[in-house]
Amino acid sequence: MSESAKNPVTRHPKISPPEQDQPEPGLDVRTDPVPDIGLESYQGRERLVGRRALVTGGDSGIGAAVAIAFAREGADVAIAYLPAEEEDARRVVAAIEEAGRTAVALPGDLMDRQYREGVVDAAAEQLGGLDILVNNAGKQVISESLEELSDEQVDETFQINIKSMFTLSRAALKHMGPGSTIVNTTSVQAYEPNPMILDYAATKAAINNFTKGLAQQVAERGIRVNAVAPGPVWTVLQVSDGQPKEKLPEFGHNTPLGRAGQPVEMAPAYVFLASEESSYVTGDTLNANGGTPTP
Ligand code: NAD
Ligand code: MG
């Protein structure tokens, strides 16, 4: 066995996070343990040199890991996030700049129509164009029963998780040419809905479907559309009512690999789908879920 081959079971620690709670959207920097977004570990290999990317939810968790990885691969990166997440966003902006790339910060709320309709143009304007859109922002809030799940929450979850993808992707296509890519964040929940997050899981199934449909529509323009479906990944989403508090110590333990994933382990999937390396892959979903079987 090669010295350098690391065991995926132990490559990242099996964590048992203490019970904790933060109001939505929460901050990575206040999460225990702090999610690993690759600040220390992600090594770029010049796979996105000169590309210009917008990552929504790029302040924390998976989006932050993707933004940092893209910058270390040579891309200039804009991140979109909620104004309340400024502290997390600063960390990511600093990491992008340390990689020698341009960072653009675009705080705003995807529930706000004006922001939603303008954020892609703002990114393209400040980056001098746009080649990559990562639709990653997401809302996940548990409810015990359908009776407890309000229509207001269903509307918000659908607006943030899937409906915004229509608006942002439409705006991005205006700026995109052959070789451009869109990558959407879906979830293992698309196939295995947890009954406590009916609204969330339904949006994730819709994202897979949207990805396959849009990919066919824009293929002849040389634009590819794919998705990444993470399994349980340790992020503040889980801590801000994404899971029942008492389940946090066991989070991710039921996967075949036996542990939760870290955001940094998702980044290579996005780099692959955003880069030319995946030139014959479109309309697909790459599952990065610790081994749970998918359809
Ligand atoms: P996260 O909380 O770090 O990221 C979610 C981001 O969504 C926030 O940082 C925030 O910027 C953004 N967001 C939420 N509401 C918003 C709004 N109204 N306007 C603008 N932005 C808003 O958590 P994460 O786990 O990294 O989530 C990123 C994506 O990964 C989400 O789409 C989530 O559904 C998906 N996902 C996560 C897991 C997991 O286990 N953590 C598993 C599968 C899929
Ligand atoms: Mg955040």
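Preceding block: the structure.
So, how was this worked out
- Residues numbered from 1 in each chain as written.
- Chains lettered and ligands numbered in written order.
- Predicted model: local features only at pLDDT ≥ 70, side-chain atom pairs only at ≥ 80, totals over all residues.
- Heavy atoms only, no water.
- Helix = DSSP H or I, 4+ residues; strand = E, 2+ residues; numbered from the N terminus.
- Rg over C-alpha atoms; globule rule 2.2 N^0.38 Å.
- Buried < 20%, exposed > 50% of the residue type's maximum accessible area, 1.4 Å probe, protein only.
- Contact = heavy atoms within 4.5 Å.
- Areas by Shrake-Rupley, 256 points an atom, 1.4 Å probe, with all protein chains shown as cover.
- Lys, Arg positive; Asp, Glu negative; His and termini not counted.
- Charge placed at Lys NZ, Arg CZ, Asp CG, Glu CD.
- Near = heavy atom within 4 Å.
- Polar contact = N/O pair within 3.5 Å; in protein donor to acceptor, adjacent residues only side chain to side chain.
- Donors = N, O, S within 2.8 Å, 3.2 Å for Na, K, Ca; no water.
- Salt bridge = Lys/Arg side-chain N within 4 Å of Asp/Glu carboxyl O.
- Expected span 1.5 Å × (residues − 1).
- Bend = angle between axes of the 7 residues up to and from the residue.
- Pairing = 2+ DSSP bridges.
- Axes fitted to C-alpha atoms, helices over the stretch in contact; angles between N-to-C directions.

Examining the overall build of the chain
So, step 1. In terms of regular secondary structure, the chain is built from seven helices and seven strands.
So, step 2. Tracing the chain from N to C terminus, the helices and strands come up as β-α-β-α-β-α-β-α-β-α-β-α-α-β.
So, step 3. Here the C-alpha radius of gyration of the chain, 18 Å, is about what a compact globule of 295 residues would show, namely 19 Å.
So, step 4. Expressed along its principal axes, the backbone C-alpha trace of the chain runs to roughly 55 × 45 × 40 Å.
So, step 5. Out of the 295 residues belonging to the chain, those deemed buried represent 55%.
So, step 6. Pairs at least 24 apart in sequence give 78% of the contacts found in the chain among residues at least 6 apart.
So, step 7. For the chain, the accessible surface area stands at approximately 13,100 Å², while carbon and sulfur atoms represent 49% of it.
So, step 8. Positive and negative charge centroids in the chain, built from 25 and 41 side chains respectively, lie 6 Å apart.

A closer look at the site of ligand 1
So, step 1. Neighbouring residues of ligand 1: 29 residues in total, closest D59, S60, E85, Y200 and T235.
So, step 2. In this structure, a nitrogen atom belonging to ligand 1 sits 2.8 Å away from a side-chain N or O atom of D109.
So, step 3. The contact in question runs from an oxygen atom of ligand 1 to an N or O atom on the side chain of K204, over 3.0 Å.
So, step 4. When contributions to the shell around ligand 1 are tallied by element, the ones reaching two or more residues are α1 (61–72), α5 (198–218) and α6 (236–242).

Thoughts on the coordination of the magnesium ion (ligand 2)
A metal bound by six donors in octahedral fashion has ideal angles of 90 or 180 degrees, whereas one bound by four tetrahedral donors has an ideal angle of 109.5 degrees.
So, step 1. Within the protein, the magnesium ion (ligand 2) binds to D59 (OD), S60 (OG) and E85 (OE); these donor distances fall in the range 2.1 to 2.2 Å.
So, step 2. All donors of the magnesium ion (ligand 2) belong to a single chain; written as a sequence motif, their spacing is D-S-x24-E. Here S60, found in the loop between β1 (52–56) and α1, pairs with E85, found in the loop between β2 (76–81) and α2 (86–98); they are 25 residues apart in sequence, far enough to count as distant.
So, step 3. Here S60 falls in the buried class, since its relative accessible area comes to 11%.

Points about the pattern of salt bridges
So, step 1. A full pass over the atoms with the stated rule returns 13 salt bridges.
So, step 2. Note that D21 and K245 form a salt bridge whose closest N and O atoms lie 3.6 Å from each other. Of the two residues, D21 sits in the segment before β1 while K245 sits in the loop between α6 and α7 (267–274), which places them 224 residues apart along the sequence.
So, step 3. Via salt bridges that share partners, E24, K139 and E156 belong to a single interconnected network.

Side note on helix α3 (residues 113–127)
So, step 1. Taking 1.5 Å of rise per residue, 15 residues should cover 21 Å, and α3 covers 22 Å from first to last C-alpha, within 8% of that figure.
So, step 2. Of all bends in α3, the biggest is about 35 degrees, found at V119.
So, step 3. Listed in full, the buried residues belonging to α3 are Y115, R116, V119, V120, A123, A124 and L127.
So, step 4. Tucked into the core, α3 has its buried residues touching β1, β2, β3 (103–107) and α4 (151–175).

Section: the sheet that holds β1
So, step 1. Strand order in the open sheet made by the seven strands is β3-β2-β1-β4-β5-β6-β7, with parallel pairing throughout. The strands lining the two open edges of the sheet, one partner per strand, are β3 and β7 (285–288). The average angle at which neighbouring strand axes cross in this sheet is 15 degrees, direction not considered.
So, step 2. Relative to strand β4 (residues 132–135), β1 is paired through three bridges, and the arrangement is parallel. Looking at β4, one finds that A53 is bridged to I132.
So, step 3. Along the sheet face, α2 touches β2 and β3 and points at about 175 degrees away from the line of β2.
So, step 4. Sheet strands touched by α7: β4, β5 (181–185), β6 (224–230) and β7. Its angle to β6, the strand with the most contacts, is close to 170 degrees.

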